[in-house]
Amino acid sequence: MMGHSHTDHERSYLPAMGKDWLLPLYDPFIRLAGVGRVHGQLLDRADLRPGQRILEIGCGTGNLLRALGRRVPDVEAVGIDPDPAALRRARRKATRSRLPIRYERAFADELPLPDGGFDRVLSAFMLHHLAEEDRIPALREVGRVLRPGGELHVVDIDGTPSGHGPGRLHRNPRVMGSLPERVLAALADAGLTGVAENGRGRAWFGRYVFYRAEARQRG
Ligand SMILES: C[S@@+](CC[C@H](N)C(=O)[O-])C[C@H]1O[C@@H](n2cnc3c(N)ncnc32)[C@H](O)[C@@H]1O
C-alpha cells in the first residue's frame, strides 16, 4: 500500500504494507479498516457458486479467500502472491480454518496455471501494487487463465484527488496512479470484454472502486 519496492533475487514487488517488516500489522490493519466488509461486497458481485474454480491474484495473507471458503462450500480456490511471508500466513490461516485453499508463489503476469482453468478471478487492493508497465500483462494473464465467458472481479483504491487535499495514502505515486479511467482502459487493452465499473465505496483509508470484466469467447 505504501512505501518502497521489496527486492528479491529475481524480481521486485511492492508488499502488502509497503515494507516486509510491517507485514505482521497487515491483518490488524485490515480488521480495523473494515476491509472485510469490502471483501464481502466483492464476493457479492462475483456471483460465486459451489463447484467453481476461483483464483485470487495478489492474495496477501489470504483474507478474501478465507471469507470465500466460509461463504461458498465446495469451491476450488487458488491464491497467488509473490510474497512468501504473506503466503505462509495465508496457508496457516487456511489450515486453522480447515479450508482447502491452495496458495502458490507467483507474479500476476506469469501465472503457473493452465489456459481456461478458472470460472472467476478475483483481485482486492492489488492492482495499484503493480508497476504501470506490468498492469496490462497481468490482466492478459487473467484473460488466459479464465474460461471463455469467465469473469474477473476487482476492487481497488481510487486515487482520484478529493476536494480535501491528499491524505497520506494519496501521496503515494502508485495510489495516485490508481484512477478508474486508467483501470478501465487497461482491462479493455488487455483484451477483456464486458469491462465496466461495478460500484464505489468509502472507508477511512480512502475511496475504492469495483470493476468487472470477462474473458472473450474463443474461436
Ligand atoms: C494490499 S495487499 C492485498 C492483499 C489481499 N488481496 C487483501 O485484500 O487483503 C496487495 C498484495 O499484492 C501483492 N503483489 C504485489 N505485486 C504483485 C504482483 N506483481 N503479482 C501479484 N501480486 C502482487 C503484494 O505482495 C500484496 O500481498
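Look above for the structure.
Peer 1: Just to check I follow, could you spell out the site of the ligand for this structure?
Peer 2: In the vicinity of the ligand lie 24 residues, with Y13, G58, G60, A108 and A124 positioned nearest. Of the residues contributing to the shell around the ligand, the split by class is 17 nonpolar, four polar and three charged.

Peer 1: Is there a simple way to explain the sheet that holds strand β6 (residues 118-124) in this structure?
Peer 2: In sheet architecture, strand pairing relies on hydrogen bonds along the backbone and comes in two forms, parallel and antiparallel. In space, the seven strands of this open sheet follow the order β5-β4-β3-β6-β7-β9-β8, with mixed pairing throughout. Each of the sheet's edge strands pairs with one partner strand only, and the pair in question is β5 (102-105) and β8 (193-203). Mean inter-strand twist for the sheet, computed between neighbouring axes without regard to direction, equals 15 degrees. Against the sheet, helix α3 (residues 63-71) engages β3 (53-57), β4 (76-81) and β6, with an angle of about 175 degrees to β4.

Peer 1: What is the right way to read the environment of D44 from this model?
Peer 2: Within the fold, D44 resides in helix α2 (residues 35-45). As for D44 and F210, which are separated by 166 residues in sequence, their C-alpha atoms are 11 Å apart.

Peer 1: What is the right way to read the environment of A213 from this model?
Peer 2: Structurally, A213 can be placed in strand β9 (residues 206-214). Classification of A213 by C-beta neighbours within 10 Å gives buried; the count is 26. With 60 residues separating them in the primary sequence, A213 and H153 have C-alpha atoms 6.8 Å apart. Those residues in contact with A213, other than ones at most four positions away along the chain, are L152, L187, L192, T193, G194 and V195.

Peer 1: What's the story with unusual backbone geometry in this structure? I'm lost.
Peer 2: Note: most peptide bonds trans; most residues except glycine with negative phi. Here the phi dihedral of D47 falls at roughly 50 degrees; this positive angle occurs in a residue that is not glycine. With a phi close to 60 degrees, D74 is a non-glycine residue in the positive phi region. Along the chain, D74 turns up in the loop between α3 and β4. Its 10 C-beta neighbours within 10 Å are what place D74 among the exposed residues.

Peer 1: Explanation requested: the packing of helix α5 (residues 132-145) against helix α7 (residues 180-189) in the structure shown.
Peer 2: The axes of two packed helices give the description: the angle between them and the distance between them. Packing of α5 against α7 brings their axes to within 8 Å, and their N-to-C directions diverge by 50 degrees. Here α5 is positioned oblique relative to α7, judged by the angle of their axes. The way α5 lies across α7 gives a crossing that is right-handed. Residues R135, I136 and L139 of α5 pack against A186, L187 and D189 of α7. In terms of residue class, the contact of α5 with α7 is built from four nonpolar, no polar and two charged.

Peer 1: How should I be thinking about the pairing of β3 in this particular structure?
Peer 2: Looking along a regular strand, one sees side chains alternate from face to face of the sheet. With four of five residues buried, β3 lies mostly within the body of the structure. The pairing of β3 with β4 spans five bridges and is classified as parallel. The partner of I57 across the bridge, within β4, is I80. The β-α-β motif built from β3, the intervening α3 and the parallel element β4 has right-handed crossover chirality.

Scoring rules and cut-offs
- Every residue gets a number counted from 1 within its own chain, in the order that chain's sequence is written.
- Restriction of local features to residues with pLDDT of at least 70 applies here, the model being predicted, together with a cutoff of 80 or more for giving and counting side-chain atom pairs; totals for whole chains, interfaces and linings are based on all residues.
- Defining nearness, a residue is near a molecule or strand when the C-beta atom obtained from its backbone falls within 6 Å of it.
- Each residue gets one of three labels, nonpolar for Ala, Val, Leu, Ile, Met, Phe, Trp, Tyr, Cys and Pro, charged for Asp, Glu, Lys and Arg, and polar for the others, Gly among them.
- Strand pairing requires that DSSP identify at least two bridges connecting the strands.
- Elements are defined by DSSP. Helices are runs of H or I of four residues or more, strands are runs of E of two residues or more, and each kind is numbered from the N terminus.
- Helix axes are fitted to C-alpha atoms over the stretch in contact, other axes to C-alpha atoms as well, and angles between N-to-C directions run from 0 to 180 degrees.
- Each residue gets a C-beta atom placed from its backbone, and two residues are in contact if those atoms lie within 7 Å.
- Each residue is classified by how many other C-beta atoms fall within 10 Å of its C-beta atom, where C-beta atoms are placed from the backbone; a count of 20 or more means buried, 12 or fewer means exposed, and values in between mean partly exposed.
- Under this scheme an angle from 65 to 115 degrees is roughly perpendicular, one under 35 degrees roughly parallel, and one over 145 degrees roughly antiparallel; angles in between are oblique.
- Definitions for this section: a left-handed crossing has its near helix turned counterclockwise from the far helix by less than a right angle. A right-handed crossing has that turn clockwise.
- By the criterion used throughout, a crossover qualifies as right-handed when its path from the first strand across the helix to the second strand runs clockwise, the strands pointing away from the viewer.

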